[in-house]
Amino acid sequence: MEVMLGIMPALLVLSQIFIFFVSSPKRGYFAYLPIVLNSILSSYIAVWVLLGNQAEFTLSGSYITGPIGIQIDALSAWFILVFNFTFLTGGFYGIFYMESYSDRVNNLLLHWLVFPVLHFSLLTIIILQNTLAFLVAWEVMAISAFVLVIFEGSKPVNLKAGLNYLIQSHVSVIFITIAVLWIYFRTSSFDFSAISTFTKNTNEAQTLLLFLMFFLGFALKAGFVPFHTWLPYAHPAAPSHVSGIMSGVLIKIGIYGILRMILLIHTNYLVLGYFILAISIITGVYGVMLAIIQHNLKRLLAYHSIENIGIIGIGIGVGCIGLGLNNNILITLGFAGALLHTLNHSLFKSLLFFTSGNVYSVTHTLNIESLGGLVKKMPHTSLLFLVAALAITGLPPFNGFVSEFLIYIGLFEWLSYAKLSTLIFGIIVVLALVLIGGFALICFTKAFSVVFLGEERNSHSNVHINEAPKASLVPLYLIASLIVAIGVFPKIFINVLLKPTSLFANPNFISSLSGTESIPVNLMSAISLSALMFIGFVVLIWGIRWLITREVKKTMHVTWGCGYVEPNKRMQYTASSFVKSYAKLFKMVLLIFKHEKPVEKVFPVTAQYESHPYDRIEHGLIDKPIRGFKSILGKLTFLQNGRLQLYILYGIVFIGLLLVVPVITEWIIRFFEVLKQI
Amino acid sequence: MLSTLLIIVTAIFFTGIINRTKSIASGRKGPGVLQPIKDVIRLFRKGSVYSKTTSWIFQLAPTVYLASVIMAMMVVPFGKSKGIISFNGDFIFFAYVLAMGKFFSIIGAMDTGSSFEGMGASREALFSMFAEPAFFILMGSLAMLTGNTSFQQIFANLHLGSYITYAVGALGAFVLLMLAMIENSRMPIDDPKTHLELTMIHEVMILDNSGFDLGLILTAGYLKFAIYGALIVNLFIGTISYEYAIPAFFLIQFLLAVFMGLIESFMARFRMNHNPQFILTLTSVALLIFFGVLTLVGKFV
């Protein structure tokens, strides 16, 4: 095992060197190679761990960090498998996706150099047991993701999005660093076990505050509302395979962090559960409500990532409440639901991003208002997008339903013996989950039908639209088949999941579950049966339809225009019109900027209407404070006058000030002594 | 198993009875009770016209829609006997599998590129989203009252005894009835017989469907009526023996159909922008049930 862990960085470095010596078109493959090899190695270890073994080592570390522990438990193993799958499919897809940028040799070189680094740093974060080393790996992850996002940095919008991400991820680092230093000063150890020992021996308020610090840091990464504002910028700016990986994997590292801290920090889990539930329902509902009004396909998907983080959070919250109440069924259902939804979301969201990458490659636009009718030109992409859209809406027989079902069952289990105050809270959570499902239905019927169905809305774009190359569709079909597999045979996956869940619950309880008669597993076979029956009925009805209608006459005609005989592509329903009544109903939550020149008089001249959806939380929480900062700092702009001599002078003044600081402090001390004598 | 058979039998007559009630109320003789079924059988044999704009989605949508309704039917129990599928939390499956059908009927409508059908699809998506919370709160409250989470056990353990249980039962029946109206796009929400496409929801979504596909959609609609009717019946029959339960089933279904016919004869459709308020009111009624259940279980201290 140790040897295998040692090989992984070596592989990475070797391939990094090789990349310089191969010609530009082949570099993608050389970047993919270490991902494949590292994935094989780490997945092997992960499976070995999930079979019931323990992998623990200690590296000698350095004078500063102390010994660095490495531990791969079932939780790490689960995340390793999830991450590897997304990187394997995403990397393969990325090689094809980046072909259209083959003229940007230097940008590509940087991109392919950093891509495997991101994979490696994520794997490292999951297995490290030393907070300082963890922070270093975290930083490597944040910066490599930044480099990947700004691939198209020549466009100012993308560069700005990348910087926004970089700054916000460093705000997250600040919170984690504060927590790490806090632990260090109390226990003088950087080891993860110090967190446990510290929180066992201190009062509740401190442990809660410590958790809050970690939570804020990880929530920024995961995209919990109100820390989500970087997501809708970074995802559209990045190349599609990177967006898929960011949404499928990168934000999940935040979820991993939160779960790890729940394992380590001993505190009042009930308070924790309520807190996480409250923030999660806001995240889930707000995310999907904003997703509905987006015009940019990738931005829409980014807001959906926020929604799904909310669903995962609800699962975690239910699990925490189970921990607080010492209820093993609740723990199992909550954490299993959250972990399964982590996998599910990484599958369908990466698939959605990859397919929208296919759309972008041929149409060169992500504005869904100018798309349409792609189902006939890109049948594979449309089918894959549809599968992912159905799965993300949480509909049976796909995987999203299974994880949401587990969370629902957990919630109802909790409600059945909760007290009055918690009951009302619980019913709000149920309501939120139901609303999220309903909103997601609106959002994805809109996204799918406006992008793929009907006629092309923008008649000016006469670009030749073709299906993506066959080979690039292979990883996408792989993801889609896994989505269906989880939906139809969830039992296999739940059985694997019982291992990481057993870290939270009482191990004896979980082992009693492994028999086939236990509750969650039993439910899974029922779901499996219903999913199969559903598919069976679709096939049966389709068969009967085919048998009966193959003889009868079929005519083609234009769409029935209710008597109007001159239909026009531009008369189709657009995305904005589809959600018009929704946007009107919820206008107090949504912020939509409109520029309007209405139709006036009997003979109207030009009229126009433009709407730009914006984020109310971003407006209040980010934009306004920044404007305030700017107006204060703006008064100091006279310092920045571009004259080199003055800049050198500033340096000298600064150094001089530093030198006199001890002298001045001494004077102050003396002054106080004099005061005391008086 | 029994419930599925009963629902299918009811579905054959249900829409016919509604139509008959409406004709009698307006002083006409009206078509026979079996006319809707005859229509469907005729449609199954007819040829179809497809729009040039449509794709395989449009052809697949009615099939998935009907399959989803059939799956929902499988879950519904009848008194003592379970549905063909029954497991803890099957009412969640019920709601989500119906949503699956809705998803397909919406994208099927959008596939035609017609602005009218887009309008209907948009309304369908919004209104069905509003209707879901009421169903979940109702079933969640009943689950809490009985301590079970599968349809059959919930209904079997629902003993109507005290005044509050009667209130809960009546309110529950009201919520389910209104949900049936919304799901089937009937009167106060939607008017299937209006002459103007702009004011329709469901009917305008299927403007371009014809032949076999239209038959499938109509069949699904008939089944949906009977499914919701069966749920209402289940609220009251408990576990009484079959010789009483089966006549009671048909009687209640018959009364429901007549009631719906009367509503449609004497009420006007709401204005489209009032529909969300109406549907949300349903959620508050469901919340009333929730609080009623709270008092029943003694959680109000």
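Residues numbered from 1 in each chain as written. Chains lettered and ligands numbered in written order. Predicted model: local features only at pLDDT ≥ 70, side-chain atom pairs only at ≥ 80, totals over all residues. Heavy atoms only, no water.

A. A look at the packing of aromatic side chains. One pass over the full model with this rule turns up 61 aromatic pairs over all chains. Summarising the aromatic geometry, the rings of A:Trp182 and A:Phe198 are spaced 6.3 Å apart at their centres and angled 65° between planes, so their arrangement reads as edge-to-face. Taken as a pair, A:Trp182 in helix α6 (residues 156-187) and A:Phe198 in helix α7 (residues 192-200) lie far apart in primary sequence, 16 residues in all. Classification of A:Trp182 as buried rests on a relative accessible area of 19%. In this structure A:Phe198 comes out as buried when scored by relative accessible area, which is 7%. With a centroid separation of 5.5 Å and an interplanar angle of 40°, the aromatic rings of A:Phe215 and A:Phe224 are classed as tilted. Taken individually, A:Phe215 and A:Phe224 each receive the classification buried, so the pair is uniform in this respect. We note A:Arg299 situated over the ring of A:Tyr233; from NZ or CZ to the ring centre the distance is 5.0 Å. Sitting over the ring of B:Tyr242, B:Lys80 keeps its end group 5.1 Å from the ring centre. (Phe/Tyr/Trp six-rings, centres within 6.5 Å; stacked < 30°, edge-to-face > 60°. Helix = DSSP H or I, 4+ residues; strand = E, 2+ residues; numbered from the N terminus. Buried < 20%, exposed > 50% of the residue type's maximum accessible area, 1.4 Å probe, protein only. Lys NZ or Arg CZ within 6 Å of the ring centre and 35° of its normal.)

B. Layout of empty space enclosed by the protein. Residue and element names in this part refer to chain B. The tally for this structure, following the rule as stated, stands at 5 cavities of 30 Å³ or more. If you add up the space inside the largest cavity, you get close to 120 Å³. Lining the largest cavity are 13 residues, and of these Ala61, Ser105, Ile206, Asn209 and Ile217 lie nearest its centre. Elements that contribute at least two residues to the lining of the largest cavity include exactly α3 (56-75), α4 (90-110) and α8 (202-205). For the lining of the largest cavity, the residue count by class is 9 nonpolar, 4 polar and no charged. (1 Å grid on protein atoms, 1.4 Å probe; cavity = no way out; pocket = protein on both sides within 12 Å on 5 of 7 lines; lining within 4 Å. Points joined across faces, edges and corners; volume = space filled by probe spheres on them. Nonpolar A, V, L, I, M, F, W, Y, C, P; charged D, E, K, R; others polar.)

C. Examining the domain arrangement of chain A more closely. Residues and elements named next belong to chain A. Splitting chain A by domain gives domain 1 (1-207) and domain 2 (268-553). Domain 1 and domain 2 are separated by 26 Å when their C-alpha centres are compared. Counting from both sides, the interface comprises 21 residues of domain 1 and, opposite them, 26 residues of domain 2. Of the roughly 2000 Å² buried at the junction of domain 1 and domain 2 (both faces included), carbon and sulfur atoms supply 79%. Three residues stand out in domain 1 for area buried against domain 2, namely Trp78, Phe85 and Tyr93, and they jointly supply 34% of the buried area on that side. One can count 4 residue pairs in polar contact (both at pLDDT 80 or more) joining domain 1 with domain 2. Broken down by element, the side of domain 1 that touches domain 2 gets its largest block of residues, 13 residues, from helix α3 (residues 74-97). For the side of domain 1 that touches domain 2, a count of residues per class yields 13 nonpolar, 4 polar and 4 charged. (Domains from an automatic or database assignment. Contact = heavy atoms within 4.5 Å. Buried area = accessible area lost by both parts, 1.4 Å probe. Polar contact = N/O pair within 3.5 Å; in protein donor to acceptor, adjacent residues only side chain to side chain.)

D. Main features of the interface of chain A and chain B. Contact with chain A, which involves 78 residues of that partner, is made by 75 residues of chain B. Among the residues of chain A in contact with chain B, A:Phe534, A:Arg545 and A:Tyr573 are the three that bury the most area, contributing 10% of the side total. Taken together, the links from chain A to chain B amount to 1 salt bridge. For the salt bridge of B:Asp213 with A:Arg545, the shortest nitrogen-to-oxygen distance reads 2.7 Å. Linking chain A to chain B there are 17 residue pairs in polar contact (both at pLDDT 80 or more). Secondary structure elements with two or more residues in the side of chain A that touches chain B: α15 (374-377), α16 (379-392), α17 (399-415), α18 (420-452), α22 (519-549), β3 (554-557), α23 (575-578) and α24 (580-585) of chain A. Element by element, the count of residues in the side of chain A that touches chain B is highest for α18(A), at 18 residues. Residues that form the side of chain A that touches chain B fall into these classes: 54 nonpolar, 17 polar and 7 charged. Relative to strand β1 (residues 48-51) of chain B, β3(A) runs parallel, the two being bridged by 4 bridges. Opposite A:Lys554, over in β1(B), you have B:Ser48 as the bridge partner. (Salt bridge = Lys/Arg side-chain N within 4 Å of Asp/Glu carboxyl O. Pairing = 2+ DSSP bridges.)

E. Representation of a positive patch on the surface within the structure. Residues and elements named next belong to chain A. Together, Lys160, Lys624, Arg627 and Lys630 give the surface a local cluster of positive charge. Considering every element that reaches the positive patch, the biggest residue donor is helix α25 (residues 616-633), with 3 residues. Position of Lys630 relative to the elements: it lies in helix α25. The exposure class of Lys630 is exposed, given its relative accessible area of 60%. (Patch = residues over 30% accessible without salt bridge, like charges linked within 9 Å, V, L, I, M, F, W, Y side chains within 5 Å. Areas by Shrake-Rupley, 256 points an atom, 1.4 Å probe, with all protein chains shown as cover. Lys, Arg positive; Asp, Glu negative; His and termini not counted. Charge placed at Lys NZ, Arg CZ, Asp CG, Glu CD.)

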